[in-house]
Amino acid sequence: MNTKIIGKFGIAVALLSVFMLTVPNASSAASYSLGNFLILVDDQLVLKGAANVNCCEGASIPARSDLGSRNSIVLGGTAATNVPVGAPALKDVAVIAPNVKLGSFAHVSQVIYDAATGSYVASGSGIIQPNPGNLYNDLGNNPLNDTGSKDLPAFPVFPIITVGASDVVVPQNGNVNISPGSYRDLIVGAYGTVNFTTTGIYQFRRIVASTATAYSLVMQADNIQINVNDFVSLGEFGNINPTGRPGLSFYVAGMDGTYGGANKNAKGVARDSGTFPAAFQYAGDGVWNACLVFVKNGTANIKGHTLFATQWFGNSLQEISNLSLDLQSPGQACFILVGCPTL
């Protein structure tokens, strides 16, 4: 079946759906909504600073900017980590996880943890905790969710990824155009530019642009979806969607791993099985414009100085330097492409 692209009507419906999910009527119970999470992960969310959540910046849809994990969130420890900027007076960003740990210089407005299954720990210097009445110890009974269920929202459906046989290689200082389709690896040399020419789905085994230069991934159309089976390695100073075309999304299926030495990313979060190179990394200090990044089975590594107006979903996410990064709502509905899987 051919890929279908939702047009203007579909975008309007998507925006209306987000609004309906985020603004319940007076007679309905409050419940967690996927559209309200700036970051939602299954395992670990680690922002040790410097990091800022810019509440209410850039959002043209009525969504919050909450941070959530089904396991644990660690904030602060290295430098100021403001969730949000203006905490604790500004209350529109919640930190939601069974286990929440605040380290030095963590500044938060609202925390929802679960005393029955997890813990809340604040230890260090310069911590700003929630004002009285904004620390809640029950994931199932609080102002954002009074359903009794402690489950955080399910992720969107993850696409089936079909990898092609041919690489796309952009030589140093080169410029290459590609159309929607299935490829093997996308390899971008120093100062290279790859132009994604048309709305649609682009599928790869790996994306490697690891040389720290002003390389560019240029979107020449709206609503481009990039599916990657193994890992994404985007080096420092890269320009990702520098013209700011809306609707760019990355779906990455791989787990953290070396992939035979091919994955040069910094290590992802520590797990019982060990610590391995992350499945996704953007090393910062360039231009970043993506609506959604969904790293299903691995860690997303992010680094400053960078503004990330992006929703992040997946297994884990961590900040990998003490360079300041900013996180805020993409201000757009991110689930616009609907792909039909091949059976």
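One structure accompanies this document, and this report is about it. This one's a predicted model, so the numbers in the text were calculated from it and none came from an experiment. (Residues numbered from 1 in each chain as written. Predicted model: local features only at pLDDT ≥ 70, side-chain atom pairs only at ≥ 80, totals over all residues. Heavy atoms only, no water.)

**Let's talk about the pairing of strand β19 (residues 200-209)**
Moving on, step 1. Burial analysis of β19 places eight of its 10 residues in the buried class, the great majority of the element.
Moving on, step 2. In this sheet, β19 lies alongside strand β16 (residues 181-182) in parallel orientation, the contact comprising two bridges. Within the sheet, the bridge partner assigned to S182 lies in β19 and is Q203.
Moving on, step 3. Pairing of strand β17 (residues 185-188) with β19, which is carried by three bridges, proceeds in the parallel orientation. Paired with L186 across the two strands is I207, which belongs to β19.
Moving on, step 4. The pairing of β19 with strand β21 (residues 224-234) spans nine bridges and is classified as parallel. Along β21, the bridge assignment pairs Q203 with N227. (Buried < 20%, exposed > 50% of the residue type's maximum accessible area, 1.4 Å probe, protein only. Helix = DSSP H or I, 4+ residues; strand = E, 2+ residues; numbered from the N terminus. Pairing = 2+ DSSP bridges.)

**As for the sheet that holds strand β4 (residues 51-53)**
Moving on, step 1. Across the sheet, which stays open at both edges, the five strands sit in the order β10-β7-β4-β29-β27 with parallel pairing between neighbours. Both outer strands of the open sheet, β10 (106-108) and β27 (306-309), are each paired with one neighbouring strand and no more. Between one strand and the next, the sheet's axes are offset by a mean angle of 10°, whatever the strand orientation.
Moving on, step 2. When β4 meets strand β7 (residues 81-83), the two strands line up parallel, connected through two bridges. The residue bridging A51 from the neighbouring strand is T81, located in β7. (Axes fitted to C-alpha atoms, helices over the stretch in contact; angles between N-to-C directions.)

**A look at the pattern of salt bridges**
Moving on, step 1. Inspection of every chain in the model, using the stated rule, returns nine salt bridges.
Moving on, step 2. The salt bridge partner of R70 is D42, with a shortest N-O separation of 2.5 Å. Taken as a pair, R70 in the loop between β5 (66-69) and β6 (72-75) and D42 in the loop between β2 (37-41) and β3 (44-47) lie far apart in primary sequence, 28 residues in all.
Moving on, step 3. One salt bridge in this structure joins R64 and D66, with 2.9 Å as the shortest N-O distance.
Moving on, step 4. Three or more residues joined by partner-sharing salt bridges are found here, namely D43, D256 and R271. (Salt bridge = Lys/Arg side-chain N within 4 Å of Asp/Glu carboxyl O.)

**Section: the state of the cysteines**
Moving on, step 1. A full pass over the atoms with the stated rule returns one disulfide.
Moving on, step 2. Residue pairing for C291: its cysteine sulfur links by disulfide to C334, the two sulfurs lying 1.9 Å apart. On the S-S bond that ties C291 to C334, the torsion sits near -85°, and the link is left-handed. Of this pair, C291 sits in the loop between β25 (287-288) and β26 (292-302) while C334 sits in the loop between β29 (325-328) and β30 (337-338), and the two are 43 residues apart along the sequence.
Moving on, step 3. Classification of C291 by relative accessible area gives buried; the value is 1%. (Disulfide = S-S within 2.5 Å.)

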